[in-house]
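Coordinates in review
The residues making up each chain are set out below.
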Amino acid sequence: MNKPHTDDFIKYLTSRENLPYTLDILSQGNEIRRRVFCEFWRGVQQMLRDSTPRALRSEKLSWALWPDEKRMDSESAGVYLWPSQSGKQNQGINFSVVRDSNQSLFFGLSWEKAPKPSLLKLPSVRRLIDFLSEKEFKPTTWWLGWKYINRNQDEDGLLLGYARDRGAIHGQIQESFWPFAEESFDMVVKANKAVRDSI
C-alpha cells in the first residue's frame, strides 16, 4: 500500500465510529495469525501428499506437522516426513519444509534430535552431507542441509502471499521439494538405517 492510501486507510480505521472495531481486531492479531498458519501448513501437507511423485508412491512415508496442529505459527513450524520402513523414528533424518522468523520458506534434511558427532562420521551420512554441499545446501546443528524456497522481506509476507495466491506458493514448494526428495530418497533411507544401527 503506498503512502497516500496508507494514510487514508489509517484515518478510516481510527475514526471515532471505527476505532472500537479496529482495536478489537488488533487484540485478536496473534490468534488470527495462528489460525491462518495452521490452515496454511495443513494445506501444504495435503498438497504434498496428493502430489507425491510416482517413484515414491510405493514407499512407506510417515508425515507430521511440527510442533503440532495447534501451534503452527512458531518459528521452524512446518511439514516433516521420513521413510518409515523400520517403524517409529527416534533419531534420524527427516525431509522438511519449514519457515523461519521472517516467514521465508526453506526445505532440506533435518535431524529428529541434534546428532552426536559420531553420527556425522557414518559413511552413509557423510555421503548425504557431500551431496547437500554439492547442491549448495547450508548445514547447521539441526540441519544436514537447508535451502530457501522463497524469501520474504515484509512482516506477514508469507500470509499475504498465501491469501493472494496459495496455488503459487504450493507450486514453489512442490517444484523445490519433490525433485530433491526423489534424488536423495535412497541415500536418506541408507543413512537412517546406519543411524539406527549405530544407536
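As a further point, take the overall build of the protein. When helices and strands are tallied, the protein shows six helices and five strands. Along the protein, helices (α) and strands (β) appear in the sequence α-α-α-β-β-β-β-α-α-β-α when read from the amino end. As presented, the protein carries roughly 11900 Å² of accessible surface, and 51% of it is formed by carbon and sulfur atoms. When the 29 basic and 26 acidic side-chain charges of the protein are each reduced to a single mean position, those positions are 6 Å apart.

The next subject is the packing of aromatic side chains. One pass over the full model with this rule turns up 16 aromatic pairs. The interplanar angle of 80° and the centroid separation of 5.5 Å between the aromatic rings of Phe107 and Phe180 together place this pair among those described as edge-to-face. Taken together, the residues Phe107 in strand 4 (residues 105–111) and Phe180 in helix 6 (residues 157–198) connect sequence positions 73 residues apart. The rings of Trp63, Phe95, Phe107, Phe131, Phe137, Phe177, Trp178, Phe180 and Phe185 are connected pair by pair, giving a single aromatic cluster. Across the ring face of Phe37, the terminal group of Arg99 is positioned such that the distance to the ring centre comes to 4.3 Å. Across the ring face of Tyr162, the terminal group of Arg166 is positioned such that the distance to the ring centre comes to 4.2 Å.

What counts, and where the lines are drawn
Residues numbered from 1 in each chain as written. Predicted model: local features only at pLDDT ≥ 70, side-chain atom pairs only at ≥ 80, totals over all residues. Heavy atoms only, no water. Helix = DSSP H or I, 4+ residues; strand = E, 2+ residues; numbered from the N terminus. Areas by Shrake-Rupley, 256 points an atom, 1.4 Å probe, with all protein chains shown as cover. Lys, Arg positive; Asp, Glu negative; His and termini not counted. Charge placed at Lys NZ, Arg CZ, Asp CG, Glu CD. Phe/Tyr/Trp six-rings, centres within 6.5 Å; stacked < 30°, edge-to-face > 60°. Lys NZ or Arg CZ within 6 Å of the ring centre and 35° of its normal.

Function-wise, these values are silent; they only describe arrangement.
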